[in-house]
Amino acid sequence: MRNISKSRRLSPAIPLLLLAIAACSPAPPEPAPAPQPTKPVAMAPPATEPVQPKGDWIDWPITPGEWVYRKDSRGSLALFGEAGRDAVFIIRCDQSDRQLFLSRSGSVGDQAKMVLRASAGLQTYSAANSGGTPNYAAISVAPRDIMMDRIAYSRGRFAVETTGLLSLAIPAWPEFSRVVEDCRN
């Protein structure tokens, strides 16, 4: 047993040799810093002014929004626009006067005109401010005005062009026709 224990003994030079080798090797790299959580940055949409559509009205992009039909004490109305915002276009039937009012957001000056365009033709009307808040430019038409039928049967859309305001391309959905029919009955 004595022989075995002598062979297990290390020479005193070996630990010094291992220490010298360890001193020559490069230090282990520092661990990378833990990533910091990123905070979302709110990006504002680019500040662009709305641009008047160009070209043939049938090729204009559809104004964003949806139709909503309602009844109230005066009659019925259909509002078009984006949810949570004021309507950009309204058709109202005033039952007591048997009159349709078509309004679009914005205000106009004196002698303003509103042009309604549909697949089967167009018609120009004198427009005036409605006097409410928010501002709307409005026209008044008889329920049997031919333009109401043209809009009802227009191919997918109709256009509203108003002096001094951006033109609108609005989808011709049944809500519009429903208000017209309410006023005719």
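Residues numbered from 1 in each chain as written. Predicted model: local features only at pLDDT ≥ 70, side-chain atom pairs only at ≥ 80, totals over all residues. Heavy atoms only, no water.

Trainee: Would you mind going over the overall build of the protein with me for this structure?
Mentor: Along the backbone of the protein there are four helices and nine strands. Counting helices and strands in the order they occur from the N terminus, the protein gives α-α-β-β-β-β-β-β-β-α-β-β-α. Considering only intrachain contacts with a sequence separation of at least 6, the fraction spanning at least 24 residues in the protein is 56%. About 12,700 Å² of surface is accessible on the protein, with carbon and sulfur atoms providing 57% of the total. (Helix = DSSP H or I, 4+ residues; strand = E, 2+ residues; numbered from the N terminus. Contact = heavy atoms within 4.5 Å. Areas by Shrake-Rupley, 256 points an atom, 1.4 Å probe, with all protein chains shown as cover.)

Trainee: Any chance you could explain unusual backbone geometry here in plain terms?
Mentor: Glycine aside, negative phi is the norm for most residues, and most peptide bonds take the trans geometry. With an omega of 0°, the peptide bond between Thr-133 and Pro-134 qualifies as cis. Of note, Pro-134 is situated in the loop between strand 6 (121-129) and strand 7 (136-141). One non-glycine residue, Arg-98, adopts positive backbone phi at about 50°. Structurally, Arg-98 is set in the loop between strand 3 (89-94) and strand 4 (99-105). We classify Arg-98 as partly exposed; its relative accessible area is 36%. One non-glycine residue, Gln-111, lies in positive phi territory at about 60°. Within the secondary structure, Gln-111 sits in the loop between strand 4 and strand 5 (112-118). (Buried < 20%, exposed > 50% of the residue type's maximum accessible area, 1.4 Å probe, protein only.)

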